[in-house]
Amino acid sequence: MSAFWTQPDWDEHERVDVVHDRASGLLAIIALHSTHLGPGAGGTRFWHYPDPEMGMRDALRLSRGMSFKNAMAGLPMGGGKAVVLLDRKGTKTTEMLHAFGDAVEAMGGRYVTAEDVGASVADMQEVATRTQHVCGLPVDEGDAGGDPGPFTAMGIYHGIKAAVAHKLGKDSMQGVRVAIQGCGSVGGGTARLLAKDGARLVVSDIDAERAKTLAKEVGGEAVAVEQIMGTPCDVFSPNALGAVLDDAGIAQLDCAIVAGGANNQLARPEHGRVLHDRGILYAPDYVINAGGIINVSLEYLCRQHGEPCDINEVRKRIAQIPGRLQSIWDKSEAEGTPSNEVADAMAMELIGRG
Ligand code: NAD
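- The name an unreviewed UniProt entry gives the chain is Amino acid dehydrogenase, with Aurantiacibacter luteus as the organism.
- In its Sequence similarities (unreviewed entry) section, the UniProt entry covering the chain states "Belongs to the Glu/Leu/Phe/Val dehydrogenases family."

## A look at the environment of valine 218
Link 1 in the chain: Residue placement: valine 218 occurs in helix α6 (residues 208-218).
Link 2 in the chain: For valine 218, a relative accessible area of 12% corresponds to the buried category.
Link 3 in the chain: Apart from the residues lying within four places of it in its own chain, the contact partners of valine 218 are Ala191, Arg192, Ala195 and Leu201.

## Looking at the packing of helix α12 (residues 321-335) against helix α13 (residues 339-350)
Link 1 in the chain: α13 packs onto α12 with a crossing angle of 115° between their chain directions and a minimal axis gap of 9 Å. For the element pair α12 and α13, the recorded crossing hand is right-handed. Contacts between α12 and α13 involve Ser327, Ile328, Trp329, Lys331 and Ser332 from the first element and Ser339, Val342, Ala343 and Met346 from the second.

## A few points about the UniProt feature "active site" (unreviewed entry) in the chain
Link 1 in the chain: The feature "active site" (unreviewed entry), as given by UniProt, occupies Lys81 in the numbering adopted here.
Link 2 in the chain: The residue lysine 81 is located in strand β5 (residues 78-85) in this model.
Link 3 in the chain: Since its relative accessible area comes to 3%, lysine 81 is described here as buried.
Link 4 in the chain: With residues near it in sequence (within four places) discarded, lysine 81 still touches Ile29, Ile30, Ala31, Gly42, Gly43, Ala59, Leu62, Ser63, Met66, Tyr111, Asp116 and Asn263.

Criteria and cut-off values
- Residues numbered from 1 in each chain as written.
- Predicted model: local features only at pLDDT ≥ 70, side-chain atom pairs only at ≥ 80, totals over all residues.
- Heavy atoms only, no water.
- UniProt positions renumbered as here; feature names shortened; annotations may be inferred.
- Helix = DSSP H or I, 4+ residues; strand = E, 2+ residues; numbered from the N terminus.
- Buried < 20%, exposed > 50% of the residue type's maximum accessible area, 1.4 Å probe, protein only.
- Contact = heavy atoms within 4.5 Å.
- Axes fitted to C-alpha atoms, helices over the stretch in contact; angles between N-to-C directions.
- Left-handed = near helix turned anticlockwise from the far one by under 90°.

Below is the structure:
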């Protein structure tokens, strides 16, 4: 087996810590891709990986994605990500959260954490008992910060509307058919916003009850997990886990647009070309899903400076996501280059690796 820093996913990470705390049983990876623009910011994923190598791969890919996401969102933050490797039962204890907080603190502010899949606001409050380098904490009404999910959903909603205007020439979501994969914080929030605009929704989740409940709430239809990618629709919106856009997944698609919140949607960068060649408009994941990190980064920066931060500043910055997508799509069409490649080149330039 070759060393992980010789694998393509390594992509010149500045540093990767593997943390083991014997007393609590914590096993975590903290990956710091780039601090060129500021402290590496990115959430912590709590997940059971059947093979720890998959956890390392996830940490590296997500961390690089955060460098790109933060840079493209115009934030003074670099990119990092942590993965806590849970046991088969998904055991997560207060002691583990404290040990994880100590590990973040030991990085001296070079890494700033927040919620990701498997983490709650309450978890981050436990982490915050050990380190100040954490965000996504409860805030006063009207202040930036707290659960990033609804803000990510807000950005996806704006991004989908921009994609529909660009690709379909429609300035309304009335009757536009959107297939949503994953009915959690981001998928559910996006569905509720789109429903208010009259979109026709088809939803799916491995938790079938969750999908049914959401479908009822938004006046949509729930379908089985294996049906959602092949559902005829205008927009396919992946909001569950990554790598769904692989050869088999793309072959199933019956849509004009792919725009959703999941991180690392493309199984490999070449899959962006496959979408492009099929004439499907792709909204690069780390550009469209930056709403949550915009919210929690402003929370963190304001707390560091001892100032309150107005939620309207977060909304203003999230409203800039469609403009960024538009410039990527314009360049993509002008050059005949897939949108993911255009976005990657822009992001690399911004983090000093152009
Ligand atoms: P969540 O845990 O609230 O929801 C995820 C949902 O997806 C769950 O309901 C789960 O049952 C479902 N799911 C899992 N596998 C599935 C499958 N194969 N098919 C259908 N449904 C499936 O998580 P979330 O916060 O909504 O995040 C969703 C995605 O968005 C993740 O990829 C996450 O990394 C990404 N993301 C989240 C944020 C945020 O602010 N929460 C920000 C940026 C990106």
